Amino acid sequence: MTTTVEITWASASARRAERQFLAGPAGTGTPVAEVADAMLGAHAQVLSAAEVSVGMRANGVTRADVQAALWDDRSLIKTYGPRGTVHLLPARELPLFTAALTAVPTGPSPLPPGVRLTEEQAGQVVTAIGDALDGRFLTLDELSEEVVARTGPWAGDRVMPAFQDLWPRWRQVMHRAGWAGTLCFGPNRGRKATYTRPVRGDRGDQGESRDRTADTKDTGHTADTGDTGHTGHTRDALHAFVHRYLHAYGPATPQHFARWLAAPAGWATALFGELAAAGRIEEVRFEGTPAWVAAGDTDFPDGPPRGVRLLPYFDAYVIAGQPRERLFPGAAYQRALGGGQAGNYPVLLVDGVAAGVWHQRRRGRRTTVTVEPLVRLTARQERELGEQVERVGEVLEATPELVVGKVTVGPHA
């Protein structure tokens, strides 16, 4: 009779911290793309937050290193990732992400019927975006003109409510162009963002990530096919994607995976069932409830993780880490979440759990970092907090000042 492995929250969070360079930062010289890879992408709706996410996990890395990986050696790509939000993704992994994300079913559009695109129209827009951006860097206004010219006036109808404005109809599927590998961000032109189409050279020259080969070889799927829009067998890509998620954030349930992707829970349950039937994932008991890890990946530290960390808005660790009530215990659940949604505030992490919020305000070459702990810090933890603030300053290339007190700004400030 097989004995089900029992895993505690402490040991699970310790392993997650180890695998995401939070137990200890990556060594000097570790490629920036490898750090982003360990997180399954760094949320980059605000690029400075992504720079801090990556920089806090790697010795010596600054915002300039992240920008160089994006715009110079192109080992990182800024594009639409999980949940349709902007991420920094390892360029060489783009085929795996595009194959998996385009296969995730989406629910009905929340927009009124008269605003929505049909599936045929959506396909036309995604194709038009790729054609318009091929070998070019366009601002949003320039891209809009090109899309309308390639599709029809209906694409440019300003009917989509957004930020107290109306956007042209075509923009509702902009994220799908990112998923399809026909769009990514380019360098800013002045204060305006630009967009381009990923090319075969957008792969970087990084070595294999620590678990990438293992995750793909079992299925016969190679993540880097040399074609940004196609990665071979979609099902194999989905299976590899689940493996990657479980490596970074397991143990997890299908519901956890679905929440991370903003995907239907029933679809995720069926996908996990396929993997279980194939012997590629293994059921464990996580704090007394069934959950899953990659088959054979049942070694966990004794835990819990130790130390103080400062994580920015929408850091991957707090977005994907589940169950959320354990990651945000006690007062942190009310203070650091917005309606149960993680990422609204930068988080003070103490021994692997949220234990406060923080905010940084930059003025020229100086930045003031205000930290609001929700627990009493020991003398050792206070020293570590000071070191973390210094590291934030290094990443942002600013001289930091630590203020311990109430964070008075609201979410997303």
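Our subject is the structure that appears above.
Residues numbered from 1 in each chain as written. Predicted model: local features only at pLDDT ≥ 70, side-chain atom pairs only at ≥ 80, totals over all residues. Heavy atoms only, no water.

Novice: Describe the pairing of strand β6 (residues 158-162), naming the residues involved and giving the relevant values.
Specialist: Inspection of the sheet shows β6 paired to strand β7 (residues 165-168) by four bridges, in the antiparallel sense. Among the inter-strand pairings, P161 is bridged to a residue of β7, identified as L166. What sits between β6 and β7 in their antiparallel hairpin is a turn of two residues, with F163 showing a positive phi close to 50°. (Pairing = 2+ DSSP bridges. Helix = DSSP H or I, 4+ residues; strand = E, 2+ residues; numbered from the N terminus.)

Novice: Outline the packing of helix α6 (residues 119-133) against helix α7 (residues 140-150), supporting the account with residue identities and numerical values.
Specialist: In contact at an axis separation of 9 Å, α6 and α7 are set at 125° when each is read in the N-to-C sense. The angle between α6 and α7 falls in the class oblique. Classified by chirality, the crossing of α7 by α6 is right-handed. Mapping the contact onto sequence places V125, A128, I129, D131, A132 and L133 in α6 and L143, E146, V147 and R150 in α7. When its residues are assigned to classes, the contact of α6 with α7 shows seven nonpolar, no polar and three charged. (Axes fitted to C-alpha atoms, helices over the stretch in contact; angles between N-to-C directions. Parallel < 35°, antiparallel > 145°, perpendicular 65-115°, else oblique. Left-handed = near helix turned anticlockwise from the far one by under 90°. Contact = heavy atoms within 4.5 Å. Nonpolar A, V, L, I, M, F, W, Y, C, P; charged D, E, K, R; others polar.)

Novice: Let's hear about the pairing of strand β12 (residues 308-311): which residues, and what values?
Specialist: Residues V308 and L310 point to one face of β12 and R309 and L311 to the other, with burial holding for every one of them. Alignment of β12 against strand β13 (residues 347-350), held across four bridges, turns out to be antiparallel. Its bridge partner lying in β13, L310 is registered against L348. (Buried < 20%, exposed > 50% of the residue type's maximum accessible area, 1.4 Å probe, protein only.)

Honestly, that's just the spatial picture; any functional story needs more than this.
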